[in-house]
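Letter by letter, the chains look like this.
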Protein chains: 2
Amino acid sequence: MNVHVALLHYPVYNRQHEVIVSSVTNLDIHDIARASLTYGVSRFYLVTPLEDQLRLIRRLLSHWREGYGSTRNPERKVALELVTAAPSLAEVIGIIESDCGQKPELVVTSASLADATLSYSEAREKIQQGKPLLILFGTGWGLTKEVLAMADSTLPPIRGFSDYNHLSVRSAVAIILDRLMGTTNDRYLL
Amino acid sequence: MNVHVALLHYPVYNRQHEVIVSSVTNLDIHDIARASLTYGVSRFYLVTPLEDQLRLIRRLLSHWREGYGSTRNPERKVALELVTAAPSLAEVIGIIESDCGQKPELVVTSASLADATLSYSEAREKIQQGKPLLILFGTGWGLTKEVLAMADSTLPPIRGFSDYNHLSVRSAVAIILDRLMGTTNDRYLL
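The sections below set out a description of the structure shown in this document. (Residues numbered from 1 in each chain as written. Chains lettered and ligands numbered in written order. Predicted model: local features only at pLDDT ≥ 70, side-chain atom pairs only at ≥ 80, totals over all residues. Heavy atoms only, no water.)

Relative to the assigned elements, Gln 53 of chain B resides in helix 2 (residues 51-65). When near neighbours in sequence (up to four residues on either side) are disregarded, Gln 53 of chain B contacts Ser 22, Ser 23, Val 24 and Thr 48 of chain B. (Helix = DSSP H or I, 4+ residues; strand = E, 2+ residues; numbered from the N terminus. Contact = heavy atoms within 4.5 Å.)

Residues and elements named next belong to chain A. On the surface, a nonpolar cluster with roughly 310 Å² of combined accessible area is contributed by Tyr 10, Val 19, Val 21 and Leu 50. Here Tyr 10 is to be found in the loop between strand 1 (3-8) and strand 2 (12-13). Residue classification places Tyr 10 among the partly exposed positions, given a relative accessible area of 39%. (Patch = residues over 30% accessible without salt bridge, like charges linked within 9 Å, V, L, I, M, F, W, Y side chains within 5 Å. Areas by Shrake-Rupley, 256 points an atom, 1.4 Å probe, with all protein chains shown as cover. Salt bridge = Lys/Arg side-chain N within 4 Å of Asp/Glu carboxyl O. Buried < 20%, exposed > 50% of the residue type's maximum accessible area, 1.4 Å probe, protein only.)

Taken together, the contacts link 47 residues of chain B with 47 residues of chain A. There are six salt bridges connecting chain B and chain A. Measuring nitrogen to oxygen at the nearest pair gives 2.7 Å for the salt bridge that ties Arg 170 of chain A to Asp 31 of chain B. Across the chain B-chain A interface, the total number found is 14 residue pairs in polar contact (both at pLDDT 80 or more). (Polar contact = N/O pair within 3.5 Å; in protein donor to acceptor, adjacent residues only side chain to side chain.)

Membership of the largest hydrophobic core comes to 88 residues, with the highest contact counts inside it found for Leu 180 of chain A together with Leu 180 of chain B. With near-sequence residues (within four places) excluded, Leu 180 of chain A lies in contact with Tyr 120, Ala 123, Arg 124, Ile 127, Ile 135 and Leu 155 of chain A. (Core = buried A, V, L, I, M, F, W, Y, C linked by side-chain atoms within 4.5 Å.)

It is worth spelling out helix 6 (residues 120-128) of chain B at this point. Each turn of an α-helix holds 3.6 residues, which means side chains three or four residues apart point in the same direction. Residue and element names in this part refer to chain B. Along helix 6, the residues classified as buried are Tyr 120, Ala 123, Arg 124 and Ile 127. The buried residues of helix 6 occupy one face: seen down the axis, they fall within an arc of 105 degrees. One or two steps after helix 6, the chain reaches Gly 130, where phi turns positive at roughly 85 degrees. (Arc of directions from axis to C-beta.)

Below, the discussion takes up the pattern of salt bridges. A complete count under the given rule lists 16 salt bridges over all chains for this structure. Here Lys 126 of chain A makes a salt bridge to Glu 105 of chain A, at a shortest N to O gap of 2.9 Å. Of this pair, Lys 126 of chain A sits in helix 6 (residues 120-128) while Glu 105 of chain A sits in strand 6 (residues 105-109); the two residues are 21 residues apart in sequence, bridging distant segments of the chain. According to the relative accessible area criterion, Lys 126 of chain A is partly exposed, its value standing at 21%. With its nearest N and O atoms 3.8 Å apart, the salt bridge here joins Lys 131 of chain B to Glu 105 of chain B. You can see Lys 131 of chain B sitting in the loop between helix 6 and strand 7 (133-138) and its partner Glu 105 of chain B sitting in strand 6 (residues 105-109), a full 26 residues away along the chain. The exposure class assigned to Glu 105 of chain B is buried, which follows from its relative accessible area of 10%. When salt bridges with common partners are traced through the structure, they connect Asp 28 and Arg 170 of chain A together with Asp 31 of chain B into a single cluster.

Here we take up the sheet that holds strand 4 (residues 43-47) of chain A. All names here are of chain A. The strand order across the open sheet built from six strands is 5-4-1-7-6-8, with neighbouring strands paired in parallel fashion. If you trace the sheet from one side to the other, it starts and ends with strand 5 (83-86) and strand 8 (153-155), each paired once. This sheet shows a mean twist of 25 degrees between the axes of neighbouring strands, independent of strand direction. Pairing of strand 6 with strand 7 (residues 133-138) involves three bridges; the strand directions are parallel. Of the residues in strand 7, the one forming a bridge with Glu 105 is Leu 133. Its contacts with the sheet place helix 1 (residues 26-39) against strand 1, strand 4 and strand 5, and it is angled at close to 160 degrees to strand 4. Packing against the sheet, helix 8 (residues 169-181) makes contact with strand 1, strand 6, strand 7 and strand 8, and its axis sits at approximately 155 degrees to strand 7. (Pairing = 2+ DSSP bridges. Axes fitted to C-alpha atoms, helices over the stretch in contact; angles between N-to-C directions.)

Residues and elements named next belong to chain B. Spatial strand order, 5-4-1-7-6-8: six strands in an open sheet with parallel pairing. The sheet is open, and its two borders are formed by strand 5 (83-86) and strand 8 (153-155), each paired with just one other strand. Neighbour to neighbour, the strand axes of the sheet diverge by 25 degrees on average, direction disregarded. The pairing of strand 6 with strand 8 spans three bridges and is parallel. Counted as the bridge partner of Val 108 is Thr 154 from strand 8. On top of the sheet, helix 1 (residues 26-39) reaches strand 1 (3-8), strand 4 (43-47) and strand 5; it is set at about 160 degrees to strand 4, its chief contact.

With that out of the way, let us pick up the packing of aromatic side chains. Tallied over the entire structure, the rule returns zero aromatic pairs over all chains. Sitting over the ring of Tyr 120 of chain A, Arg 179 of chain A keeps its end group 5.0 Å from the ring centre. (Phe/Tyr/Trp six-rings, centres within 6.5 Å; stacked < 30°, edge-to-face > 60°. Lys NZ or Arg CZ within 6 Å of the ring centre and 35° of its normal.)

Moving on: the packing of helix 1 of chain A against helix 8 (residues 169-181) of chain B. One way to put it is that helix 1 of chain A packs onto helix 8 of chain B with a least axis distance of 10 Å and a crossing angle of 55 degrees. Taken together, the axis directions place helix 1 of chain A and helix 8 of chain B in an arrangement best described as oblique. Only Arg 170, Ser 171, Ile 175 and Arg 179 of chain B of helix 8 of chain B make contact with helix 1 of chain A, whose side of the interface consists of Leu 27, Asp 31 and Tyr 39 of chain A. (Parallel < 35°, antiparallel > 145°, perpendicular 65-115°, else oblique.)

By a simple turn and slide, chain B fits onto chain A: the slide is 0.0 Å along the axis, the RMSD is 0.0 Å, and the turn is 180 degrees. These values place the two chain copies in the arrangement generated by a two-fold rotation axis. (Least-squares fit on C-alpha atoms with pLDDT ≥ 70 in both.)

This brings us to the side chain of Ser 22 of chain A. All names here are of chain A. Looking at the element boundaries, Ser 22 is found in the loop between strand 3 (19-20) and helix 1. Residue Ser 22 is classed as buried on the basis of its relative accessible area of 11%. One polar contact links Ser 22 to Thr 139, side chain to side chain, over a distance of 2.5 Å. If sequence neighbours within four positions are ignored, Ser 22 has contacts with His 9, Val 12, Gln 53 and Thr 139.

Coordinates in, geometry out; function isn't part of it.
Quick look at the structure:
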């Protein structure tokens, strides 16, 4: 599997549709790292340009990987091994390119069905072929239109039976990873 | 849709497989309420026998429903309208029975494929027929074997491509609701 996940804290919108840097949230790191490990994601990148936030992430990671947390909660340690802090999306793309020998395909999730260019089953096929994918998620009120425009492919929105969609980014990541990499035997065979 | 979700804080296991009452977590309430509203869940029950925890939940709900939080975050308010605090699973079953005129079918998720008695597609069919289902989730290290034994149906475990499964309960609820009630057009047609 050659799937990478990035959680962007910049550039994202706030409620008023202004471009902001959001704060890193402890629980986003844990929940998304655990989901990433469950579904076989190669690496989970936390992206923020703020030096103090990058330091905070590294301190937190070292607590769980090497400090008291590593013996207290070994299943968190192994999940957090997947996490890398990075100052920008460009840096993340560079790391993946140098690791894989090719640029990853940038994938985002659209807010409307009309914008979708890639189905979940097509994305599953790409993943099975080993193509490097980088799936982008935004904190706050979502990725800016400039980031969405950079994407190579856009997945259809997550929708249930209601018009309400204010899932937390933690829930959205879990659902997308399940749609892309959940084992089909659970869903189809039984 | 006649699907109900209950998050049990008792009886659940801790890491040492002892039966405990776990503490209510603010973020569980928000994330699961938002996922419940997204997927059309009828009601989300928070179950704990502890009087002070029940009081805490009610204070929190009233802050977001009526207090400062209701105007600051209207999309949280509408999600939290779905939440009911209850002292026991028996009480939850009683409420649903009196609302729906029949006992709900109790559904849990198994840890192993061998225990599964109901596929996701069979469960989707029941939901479409309007049968009342109550899906149980456990905090901590999961529901006790006594609760699992009470279930009428057991869904296959959530699995990705790895052996690791330590998803947060928030992620697990989001994924199960998507498997049961995500719109199929997103997944299959595009």
